[in-house]
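# Breakdown of the fold
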Amino acid sequence: LPQVTYLPVQLSQLVIKKWTGDIIDYEKGAQIAKVYHGRGRCEFKEGHIYNGEMKYGLLHGDGEFIWKDGTKYIGEFKNNEITGKGKYEWTDKSTYLGYVKNGMRHGEGNYVNKAEGVEYNGEWEDGLRHGEGALRYKNGSMYEGQWSYGQKSGKGQMTYASQNYYDREWKTNKRNGEGVMHWKTTNEKYTGHWDDGYQSGFGTHIWLEGSGENKLLRNRYVGYWRKGLRHGQGTFYYSNGSKYE
């Protein structure tokens, strides 16, 4: 829609069936129009409800918008747009508290969905996770790092429920690029290249003593991988001093 500075009562009545606030005269040039203005309650013909501030016929300022399905937004409005800082409450009990732009999550914000057991705290763009943020899962897993339009992408660390963790490069929600995987459950560590979640390319996999990396290594493989398997040129060092190359 073109930018407007006011909305006359005649046009407002096309979508609003009831308004409990003031109606004032608004003068623009040679025209004088009556407009809804101030704080009040709107009942829309579609069944939605707005409680809050209006400025010359437009939703503008602080307010609460309740859709007919029960979804609710409480926060800032600007020229009929949900823009600023506020809180969404959806019918599935999920919530969002933070910044919005044109009705979408945009900027810093916190999203909680108790039904799915997830919580995200970080940056958003056009309704999607984008930038830096942390996502916690119901099973105790957590990802902290970079996002690109809803997907893990860039540098980040994923700690799994088992306390195994992967650190470094991601793309399209999968381990891609250079990264390090620590298997605490089996005292193993891989450092090298990944492709779509698999060890692929050149890397080093070591089997550690239980007390840490400074102890004698049991076994170690240095070489190439494909789809999570040792594949191609490589060297396997055994704990007894033997070597296969």
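The structure reproduced in this document is the subject of the present report. (Residues numbered from 1 in each chain as written. Predicted model: local features only at pLDDT ≥ 70, side-chain atom pairs only at ≥ 80, totals over all residues. Heavy atoms only, no water.)

## Some points on the overall build of the protein
The line we're drawing: Comment: elements are numbered from the N terminus, with helices defined as DSSP H or I runs of at least four residues and strands as E runs of at least two. Throughout, exposure labels follow a simple rule: accessible area from a 1.4 Å probe, protein chains only, divided by the maximum for the residue type, with under 20% read as buried, over 50% as exposed, and the rest as partly exposed. Every residue pair with non-hydrogen atoms within 4.5 Å of one another is taken to be in contact. Reported accessibility uses the Shrake-Rupley method at a 1.4 Å probe radius. Residues are deemed covered only where the shown protein chains occlude them. The sign given to each residue is positive for Lys and Arg and negative for Asp and Glu; His and the chain ends receive no count. Throughout, a charge is located at the NZ atom of Lys, the CZ atom of Arg, the CG atom of Asp or the CD atom of Glu.
Scanning the protein from terminus to terminus reveals one helix and 20 strands. Counting only C-alpha atoms and orienting by the principal axes, one finds that the protein spans roughly 95 × 35 × 25 Å. For the protein, the proportion of its 245 residues judged to be buried stands at 37%. In the protein, 11% of the contacts between residues at least 6 apart in sequence involve partners at least 24 apart. Surface exposure of the protein reaches about 14,400 Å², of which carbon and sulfur atoms provide 47%. Charge separation in the protein, taken as the distance between the mean sites of 35 positive and 30 negative side-chain charges, equals 4 Å.

## Focus on the pairing of strand 10 (residues 118–125)
Our working rule: One bridge is not enough; two strands pair if DSSP finds at least two bridges between them.
Pairing of strand 9 (residues 104–113) with strand 10, which is carried by seven bridges, proceeds in the antiparallel orientation. Within strand 10, the residue paired with Asn113 across the bridge is Val118. Here strand 10 runs beside strand 11 (residues 128–136); their pairing, made up of six bridges, is antiparallel. Note that in strand 11 the partner of Tyr120 across the bridge is Leu135. Connecting strand 10 to the antiparallel partner strand 11 that follows it, the hairpin turn spans two residues, and Asp126 within it adopts a positive phi of roughly 50°.

## Concerning the layout of surface pockets
Using the following cut-off: Method remark: on a 1 Å grid restricted to protein atoms, a set of points is classed as a cavity if a 1.4 Å probe fits but cannot get out and as a pocket if it is open with protein on both sides within 12 Å along at least five of seven lines; lining residues have an atom within 4 Å of a point. Grid points are joined across faces, edges and corners, and a volume is the space filled by probe spheres set on the points.
Within this model, the second largest pocket holds a volume of roughly 230 Å³. Along the wall of the second largest pocket there are 14 residues; nearest its centre are Val15, Phe44, Leu59, Phe65 and Asn80.

## Considerations on the packing of aromatic side chains
Our working definition: Centres within 6.5 Å make a pair out of two Phe, Tyr or Trp rings, where for Trp the six-membered ring is used; the pair is then stacked when the planes are under 30 degrees apart, edge-to-face when over 60, and tilted otherwise. The criterion is that NZ of a Lys, or CZ of an Arg, lies within 6 Å of the ring centre and within 35 degrees of the ring normal, and then a charge sits over that ring.
Within the structure shown, the criterion is met by 26 aromatic pairs. A centroid spacing of 5.1 Å and a plane angle of 80° characterise the contact between Tyr50 and Phe77, whose relative ring orientation is edge-to-face. With Tyr50 in strand 4 (residues 49–55) and Phe77 in strand 6 (residues 72–77), this residue pair connects regions lying 27 residues apart in the sequence. Residue classification places Phe77 among the buried residues on the basis of a relative accessible area of 4%. With a centroid separation of 6.4 Å and an interplanar angle of 25°, the aromatic rings of Trp67 and Tyr88 are classed as stacked. On the criterion of sequence distance, the pair formed by Trp67 in the loop between strand 5 (58–66) and strand 6 and Tyr88 in strand 7 (residues 84–89) is long-range, its members being 21 residues apart. For Trp67, a relative accessible area of 26% gives the class partly exposed. Judged by its relative accessible area of 7%, Tyr88 falls in the buried class. Lying over the aromatic face of Tyr96, Arg105 brings its terminal NZ or CZ to 6.0 Å of the ring centre. Directly above the ring of Tyr111 sits Arg105, whose terminal nitrogen or CZ lies 5.2 Å from the centroid.

## So, unusual backbone geometry
With a phi close to 55°, Tyr56 is a non-glycine residue in the positive phi region. Among the secondary structure elements, Tyr56 is positioned in the loop between strand 4 and strand 5. Judged by relative accessible area, which is 25%, Tyr56 ranks as partly exposed.

## Looking at the environment of Lys114
Among the secondary structure elements, Lys114 is positioned in the loop between strand 9 and strand 10. Owing to a relative accessible area of 70%, Lys114 belongs among the exposed residues under this scheme. Lys114 sits 34 residues away from Ser148 along the chain, and the two C-alpha atoms are 24 Å apart.

## Focus on a nonpolar patch on the surface
We apply this condition: What makes a patch is a set of residues exposed beyond 30% relative accessible area and free of salt bridges, joined within 9 Å when like-charged and within 5 Å when nonpolar (Val, Leu, Ile, Met, Phe, Trp, Tyr). By salt bridge we mean one thing: a side-chain nitrogen of Lys or Arg within 4 Å of a carboxyl oxygen of Asp or Glu.
Taken together, the side chains of Leu11, Leu14 and Val15 present a nonpolar region at the surface, about 270 Å² in accessible area. One can find Val15 in the loop between helix 1 (9–12) and strand 1 (16–19). Among the residues examined, Val15 registers a relative accessible area of 35% and is labelled partly exposed.

## Brief notes about the environment of Ile74
Examined against the element boundaries, Ile74 turns out to sit in strand 6. Not counting chain neighbours up to four residues away, the residues in contact with Ile74 comprise Gly63, Glu64, Gly86, Lys87 and Glu89.

## Concerning the nonpolar core
Applied cut-off: Side-chain atoms within 4.5 Å link the members of a nonpolar core, which is a set of buried Ala, Val, Leu, Ile, Met, Phe, Trp, Tyr and Cys residues.
Core analysis: the largest hydrophobic core is formed by 33 residues, its most contacted members being Ile16, Cys42, Tyr50, Met54 and Phe77. Setting aside residues no more than four positions away along its own chain, Tyr50 makes contact with Gly40, Arg41, Cys42, Phe44, Leu59, His60, Asp62, Gly63, Glu64, Phe65 and Phe77.

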